[in-house]
Amino acid sequence: MAQPPVLRMSRLLLRTLRDDPADAETASHRLLVRAGYVRRSSAGVWSWLPLGKRVLDNVTRVVREEMDAIGGQEVLLPALLPRATYDATGRAAEYGDLLFRLQDRKGADYVLGPTHEEVFTQLVKDQVASYRDLPVILYQIQTKYRDEARPRSGVLRGREFQMKDAYSFDTSAAGLAQAYRLHREAYARIFRRLGLDFRIVSAVSGAMGGSASEEFLAPAAAGEDTFAHCSGCGYAANTEAVAFTADVPAAVHPGPPRELDTPDTPTIESLAAHLGVPASATLKNLLVTVDGEITAVGVPGDREVDLGKLAAHLAPADVRLATAEELAARPDLVPGYVGPQGLDLPCLADPRVAPGTAWITGANRQGRHAADVVCGRDFTVDRHLDVVAVRTGDPCPECGAGLTLDRAVEIGHIFQLGAKYTDVFEVDVLGQDGRPVRLTMGCYGIGVSRAVAALAEQTADDRGLCWPAEVAPADVHVVAAGKAAQLTLAEEAAEALAAAGLRVLLDDRALSPGVKFADADLLGVPVHLVAGRRTSEGVVELKHRATGEREELPLAEAVARLA
Ligand code: ATP
Ligand code: MG
Ligand code: MG
Ligand code: MG
């Protein structure tokens with residue numbers, strides 16, 4: 001392999017900032033901007049500058065290697081897609097405002113792909129005819145578009161972002177289970193290699209066919225997901241999923257009926273305050289009463305959005321908290337869907353939804369769609385809303401010990417979809433017995449650009465970014481801390497390290513050592529090699545960014561140590 005060229009900071013497109021960007025709430029946002037890794041283009045849309053692109057590429061490479069290792073075949077499908085494809089499954093309406101929509105010059109409707117289940121299903125229908133061609137795992141690493149209600153935290157939640165999305169197709173449930181297992185293991189390897197601290201937790205899973213779904217969460221205060229875990233038995237689940245565990249009576253927190261004090265449409269905050277839950281709370285049950293009759297139990301999906309939408313849909317409303325007895329007394333109630341469009345009451349009539357079963361919301365990958373969503377629809381109202389949140393100390397559904405709640409970033413999501421999409425597009429292949437078989441499908445996503453932010457959240461310290469070796473933009477950051485002699489030694493070091501196959505960042509700028517040291521800490525390359533005060537003796541200093549450990553040694557020894 002060709003020797004990688006030394007990256008000279010004197011030529012690098014890089015401007016580090018001393019101050020935090022005004023709108024930055026989280027460490028990754030602040031530091032990735034300050035270190036010149038990313039630059040905001042518009043809300044939730046980011047440019048990746050040279051050092052950032054290197055980190056993103058490193059994450060991509062790890063993902064690709066592990067996907068290839070489980071037999072995944074990489075493809076690249078369009079991001080610009082006919083809307084009809086998403087209308088066919090109802091997801092155009094299900095996604096609602098989340099979907100970027102556009103028209104071509106002839107007025108034909110298009111969307112920018114938020115995820116690609118439909119398109120892969122159609123591809124397989126077109127390309128695969130026989131069981132002999134299966135199983136198959138296809139994946140892509142691609143720009144995705146979602147018009148998020150609250151793009152925030154830099155690349156943590158973008159409106160344009162990089163996702164690795166994979167899709168498996170099989171002729172049997174056992175095949176699907178195997179594909180799911182392969183992805184689960186590959187994901188664990190990927191996140192371990194990236195250096196992420198992560199948990200695999202149960203996620204909200206579909207009402208249909210008890211399909212499995214798990215999320216990979218990276219614990220971090222900046223995360224927008226909350227997961228409950230039990231130190232007793234190891235149970236771990238997104239609180240959205242805990243909320244679906246029917247018999248956790250103590251997880252129900254009844255309260256007295258309360259009037260909404262505002263006659264106007266409540267905001268997320270006012271509704272949350274009224275209910276006594278945080279605005280970001282994962283809500284368990286909503287009892288909706290129409291004309292005094294309880295008609296639905298629902299759960300909101302994307303909480304931040306839905307609490308707001310809910311507020312809009314139910315205002316002005318009487319709001320009270322449910323009692324456990326009320327819930328228990330109504331086994332006929334089936335979970336309703338509260339999605340981006342509001343309350344989806346007709347879904348309750350769906351014969352496939354058995355009483356007491358969970359109804360997916362946030363993932364938007366199952367459940368009812370478009371046509372059934374009640375949006376603006378007038379149902380005469382005497383509406384009550386009951387909310388139950390899962391809280392710290394609630395009993396673990398497996399062993400009864402107290403649950404602990406923590407915040408995390410969702411970095412991956414794996415899902416057994418079954419025939420949801422293959423039914424819509426009628427994807428059958430020739431079976432072994434000569435008869436057609438309907439394919440069963442799984443989908444598996446990793447937030448590639450989000451993983452960069454999640455890593456920054458977990459590893460940064462008060463001096464700046466601090467990358468694990470596998471993703472760092474360089475292996476060694478060589479600093480010429482002084483004048484001509486230091487620069488000469490630093491260049492010698494950089495060339496020797498590059499010759500040994502290492503990726504080297506060389507600070508050859510005409511700046512004071514203090515500025516260079518601060519920048520080196522901010523940029524977060526794992527090892528710094530400094531040509532400084534003992535340059536005349538040929539001695540350099542090695543500093544480990546994470547620990548701050550330093551030692552002085554002759555250049556040749558330092559190079560040998562790192563190579
Ligand atoms: P979230 O709950 O954070 O909105 P999601 O559940 O809607 O994410 P999925 O549909 O499961 O996301 O997509 C697969 C992966 O894509 C997620 O696990 C996440 O890592 C990533 N992802 C989703 N939305 C975004 C976004 N707006 N910006 C960056 N990455 C994202
Ligand atoms: Mg989402
Ligand atoms: Mg999610
Ligand atoms: Mg998800």
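Quantities reported herein were computed from a predicted structural model and do not represent experimental measurements. (Residues numbered from 1 in each chain as written. Chains lettered and ligands numbered in written order. Predicted model: local features only at pLDDT ≥ 70, side-chain atom pairs only at ≥ 80, totals over all residues.)

*Asks:* What am I meant to see in the sheet that holds strand β27 (residues 527-531) here?
*Replies:* Pairing between sheet strands relies on hydrogen bonds along the backbone, with the strands arranged either parallel or antiparallel. The strand order across the open sheet built from 6 strands is β1-β26-β25-β27-β28-β29, with neighbouring strands paired in mixed fashion. Of all the strands in the sheet, the pair left with one neighbour each is β1 (7-8) and β29 (550-554). Pairing between β1 and strand β26 (residues 504-507): 2 bridges, direction parallel. The residue bridging Arg8 from the neighbouring strand is Leu506, located in β26. Each of β25 (476-480), β26, β27 and β28 (539-544) is contacted by helix α13 (residues 484-499), which is oriented at about 160° to β25, the strand it contacts most. Sitting on the sheet, helix α15 (residues 555-562) touches β25, β27, β28 and β29, and the angle it makes with β29 is about 120°. (Pairing = 2+ DSSP bridges. Helix = DSSP H or I, 4+ residues; strand = E, 2+ residues; numbered from the N terminus. Contact = placed C-beta atoms within 7 Å. Axes fitted to C-alpha atoms, helices over the stretch in contact; angles between N-to-C directions.)

*Asks:* Looking at this model, I keep getting lost on helix α1 (residues 27-34). Mind explaining?
*Replies:* Given 3.6 residues per turn, any residue in an α-helix points the same way as the ones three and four places further on. Most of α1 is tucked away, with 8 of its 8 residues classed as buried. Three or more residues of α1 are buried, namely Ala27, Ser28, His29, Arg30, Leu31, Leu32, Val33 and Arg34. Turning to α1, the residues buried within the fold contact β2 (38-42), α2 (50-69), α12 (448-459) and α14 (513-523). (Buried ≥ 20, exposed ≤ 12 C-beta atoms within 10 Å, placed from the backbone.)

*Asks:* How should I be thinking about the nonpolar core in this particular structure?
*Replies:* Nonpolar side chains tend to gather and get buried jointly when the protein is soluble and globular. Judged by nonpolar contacts, the single largest core of 107 residues is most densely connected at Val59, Ile411, Ala451, Val478, Ala493 and Val504. Element by element, the count of residues in this core is highest for helix α6 (residues 173-194), at 9 residues. In this structure Ala493 touches Val478, Leu529, Ala531, Val540, Leu555 and Val559, once residues within four positions along its chain are discounted. (Core = buried A, V, L, I, M, F, W, Y, C linked by C-beta atoms within 7 Å.)

*Asks:* Sorry, what's going on with the site of ligand 1 here?
*Replies:* Around ligand 1, the surrounding shell holds 19 residues, and the nearest of these are Phe161, His413, Gly445, Gly447 and Arg450. Sorting the residues of the shell around ligand 1 by element identifies β9 (160-170), β21 (404-418), β24 (440-447) and α12 as the ones contributing at least two each. Take the shell around ligand 1: its biggest share by element is 4 residues, from β21. By residue class, the composition of the shell around ligand 1 is 4 nonpolar, 8 polar and 7 charged. (Near = placed C-beta within 6 Å. Nonpolar A, V, L, I, M, F, W, Y, C, P; charged D, E, K, R; others polar.)

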